[in-house]
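Chains, contacts and geometry: an overview
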Amino acid sequence: AFSDVYQARHKLTGRVFAVKKLSDAIKNNPRFLPSCAADLALETAVLANLNHKNIVTLHGFRGDDNVVDLLKNGTFFICLEPLYETLQDKLAQWRHQTSKKGYRNQRLFRSNSRIMKNNTEITKRLEEIVMGVVNGMEYLHTNNIIYRDLKPGNI
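What this report covers is the structure whose coordinates are included nearby.

Rules behind the numbers
Residues numbered from 1 in each chain as written. Predicted model: local features only at pLDDT ≥ 70, side-chain atom pairs only at ≥ 80, totals over all residues. Heavy atoms only, no water. 1 Å grid on protein atoms, 1.4 Å probe; cavity = no way out; pocket = protein on both sides within 12 Å on 5 of 7 lines; lining within 4 Å. Points joined across faces, edges and corners; volume = space filled by probe spheres on them. Helix = DSSP H or I, 4+ residues; strand = E, 2+ residues; numbered from the N terminus. Nonpolar A, V, L, I, M, F, W, Y, C, P; charged D, E, K, R; others polar. Buried < 20%, exposed > 50% of the residue type's maximum accessible area, 1.4 Å probe, protein only. Contact = heavy atoms within 4.5 Å. Core = buried A, V, L, I, M, F, W, Y, C linked by side-chain atoms within 4.5 Å.

**A closer look at the layout of surface pockets**
The volume enclosed by the largest pocket comes to roughly 1,900 Å³. Along the walls of the largest pocket sit 47 residues, with Glu43, Val56, Tyr147, Asp149 and Asn154 positioned nearest its centre. Those elements that place two or more of their residues in the lining of the largest pocket are strand E1 (3–9), strand E2 (16–22), helix H2 (33–48), helix H4 (87–100) and helix H6 (120–142). Looking at the lining of the largest pocket residue by residue, the classes come out as 26 nonpolar, nine polar and 12 charged.

Put into structure tokens, the structure is as follows:
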């Protein structure tokens, strides 16, 4: 990963944000810094023009100096809406819960799974998640954006 994400709290309002910045390994690597800084700048520009409930919201970026200089030295960062729990986290939680109920050798999402047949709450929540992903991807595609990092850890 070329970046790290931290939780931050605004001193005056107490509002929580996710702060994304280039990783120290990238900042200290003159070979990768230019392309990774460009990727972060492009991500910022794209997110600044999006507004959809299923797409993470950009709340701001470090702009107290010359942005080009900030990108060149790796100190540019963006403030995003935080993700408190990802689909990856939720899947791990569901697997753990089902293994405690005696479903140790059952796959969680097999269509004939006893787990899925006996747990309409999980099924309903998965349907909501899938529709959110579909709606978000449709919005991106309508705006001529192809998202190439779709994975449970980003949902």
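**Examining unusual backbone geometry**
Unlike most non-glycine residues, Asn144 shows phi in positive territory, near 60 degrees. Positionally, Asn144 belongs in the segment after H6. Judged by its relative accessible area of 74%, Asn144 falls in the exposed class.

**A short note on the side chain of Ser3**
Take Ser3: it is sitting in strand E1. Residues within four places of Ser3 in sequence aside, it is in contact with Lys20, Lys21, Leu22 and Ser23.

**Some points on the nonpolar core**
In this structure, Leu22 and Leu50 are the most contacted members of the largest nonpolar core, which totals 20 residues. Elements that contribute at least two residues to this core include exactly E2, H2, helix H3 (67–73), strand E4 (77–80) and H6. In terms of residue count, H2 provides more of this core than any other element does, five residues in total. The contact partners of Leu50, leaving out residues within four places of it in the chain, are Ile55, Tyr139, Leu140 and Ile145. In this structure, Leu87, Trp94, Ile122 and Ile129 belong to the second largest nonpolar core, which totals six residues.

**Quick look at the environment of Leu150**
Mapped onto the fold, Leu150 is located in the segment after H6. Taking relative accessible area as the criterion, Leu150 reaches 45% and is therefore assigned partly exposed. For the pair formed by Leu150 and Met137, sequence separation is 13 residues and the distance between their alpha carbons is 9.4 Å. In contact with Leu150, other than residues within four places in its own chain, are Val133, Met137 and Ile155.

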